[in-house]
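# Summary of the model geometry
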Amino acid sequence: QQPVQSPQAVILREGEDAVINCSSSKALYSVHWYRQKHGEAPVFLMILLKGGEQKGHDKISASFNEKKQQSSLYLTASQLSYSGTYFCGARGGSNYKLTFGKGTLLTVNP
Amino acid sequence: DARVTQTPRDKVTEMGQEVTMRCQPILGHNTVFWYRQTMMQGLELLAYFRNRAPLDDSGMPKDRFSAEMPDATLATLKIQPSEPRDSAVYFCASGPREGDGELFFGEGSRLTVL
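Residues numbered from 1 in each chain as written. Chains lettered and ligands numbered in written order. Predicted model: local features only at pLDDT ≥ 70, side-chain atom pairs only at ≥ 80, totals over all residues. Heavy atoms only, no water.

### Topic: the interface of chain A and chain B
- Facing 22 residues of chain A, the contacting portion of chain B comprises 23 residues.
- The largest per-residue losses of area from chain A upon contact with chain B belong to A:Y96, A:K97 and A:F100, which jointly make up 30% of the total buried on that side.
- Across the pair B:D56 and A:K97 runs a salt bridge, and its minimum N-O distance is 2.9 Å.
- The interface formed by chain A and chain B holds six residue pairs in polar contact (both at pLDDT 80 or more) in total.
- Put simply, the parts of the chain that give the side of chain A that touches chain B at least two residues each are β4 (30-36), β5 (43-49), β9 (84-91) and β10 (98-100) of chain A.
- The element that contributes the greatest number of residues to the side of chain A that touches chain B is β4(A), accounting for four residues.
- Residue composition of the side of chain A that touches chain B, by class: eleven nonpolar, seven polar and four charged. (Contact = heavy atoms within 4.5 Å. Buried area = accessible area lost by both parts, 1.4 Å probe. Salt bridge = Lys/Arg side-chain N within 4 Å of Asp/Glu carboxyl O. Polar contact = N/O pair within 3.5 Å; in protein donor to acceptor, adjacent residues only side chain to side chain. Helix = DSSP H or I, 4+ residues; strand = E, 2+ residues; numbered from the N terminus. Nonpolar A, V, L, I, M, F, W, Y, C, P; charged D, E, K, R; others polar.)

What follows is the structure, encoded as C-alpha cells:
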C-alpha cells in the first residue's frame, strides 16, 4: 500500500521554507526520500531508520516518527534548484520492499 | 561511474505487440526493482528481486506482465500483449548488497502503446 503524501503541490518563492509530509497505514521500518527533476530519474536524498531519528544535509532535513508512522521533509531557505517532485518511499519490514507515495510537486520561483 | 542502464529509452508500439525492457543493475548490487510511473499513480512498484530471486510481483498484472533476472547483470520486464493503458515510464532501480540503502535509478524506458 502506497504511503500518502501531502501536499500534492506547493509553490514557493526563493528563500521560503516548505514541509512535505508522508504517512503510512502500516508500521514503517524505514523511510526514503527522493527528488525527481522533470524528465529525469529520481535521485536519493536520505534514509531514516526507525528510532525517531532526524537527518539532514545542507538545508534539507527530515524526521521520522515511528509511532505515528509519519515522516516529514523540511526544506529551508529554498533555492531554485530545489524544484522537482519529491517522493517518500516506505519500507514496512526487513524484506526490502519499497513503495512510494504519489509525490509532491515543489516549484520554487525567483 | 557506476549507473543503472536501461534499454530501450523510448519505445512506440502497436497494441497487441510484445514489449521487452532490459535493465543492467550496478555491479555488486543484488536488489533490483521495477517501477512504473504515470501522472495519476506516481511510482508504482511492479516487482523486485533479491539475489535474482523474485520476492514480490504483486504489483504486476499477471496475465500480461512478467519479470525475470536471467543473471546478475540483467533484469527484464516483458509485456505481452501490450495495451494503451500500459503507456508509462518504466524505471529500474538497484540497491546495495547489504542493509537498507540508497536505490539508484536508471534513466527509464518511456513506452507508448498506440
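### Describing the packing of aromatic side chains
All names here are of chain A.
- By the definition in use, this model includes ten aromatic pairs over all chains.
- Between Y34 and F100, the ring centres sit 5.4 Å apart and the planes meet at 80 degrees, which makes this aromatic pair edge-to-face. You can see Y34 sitting in strand β4 and its partner F100 sitting in strand β10, a full 66 residues away along the chain.
- Looking at Y34, the relative accessible area reads 0%, which means it is buried. (Phe/Tyr/Trp six-rings, centres within 6.5 Å; stacked < 30°, edge-to-face > 60°. Buried < 20%, exposed > 50% of the residue type's maximum accessible area, 1.4 Å probe, protein only.)

### Quick notes on the pairing of strand β5 (residues 42-50) of chain B
Residue and element names in this part refer to chain B.
- Burial analysis of β5 places eight of its nine residues in the buried class, the great majority of the element.
- Pairing of strand β4 (residues 31-38) with β5, which is carried by eight bridges, proceeds in the antiparallel orientation. If you follow Q37 over to β5, its bridge partner there is L43.
- Taking the residues that link successive antiparallel strands as the turn, the β4-β5 hairpin has three residues.
- Where β5 lies against strand β6 (residues 53-56), three bridges are found, and the strand directions are antiparallel. For F49, the partnering residue across the bridge sits in β6 and is P54.
- Counting the residues in the hairpin turn of β5 and β6 gives two residues, including N51, whose phi is positive at 50 degrees. (Pairing = 2+ DSSP bridges.)

### Notes on the state of the cysteines
- Applying the stated criterion across every chain yields a total of two disulfides over all chains.
- Here A:C22 pairs with A:C88 through a disulfide, and the sulfurs are 2.0 Å apart. Because the torsion about its S-S bond is 65 degrees, the bridge between A:C22 and A:C88 counts as right-handed. Taken as a pair, A:C22 in strand β3 (residues 18-23) and A:C88 in strand β9 lie far apart in primary sequence, 66 residues in all.
- Paired by a disulfide, B:C23 and B:C92 hold their sulfur atoms 1.9 Å apart. (Disulfide = S-S within 2.5 Å.)

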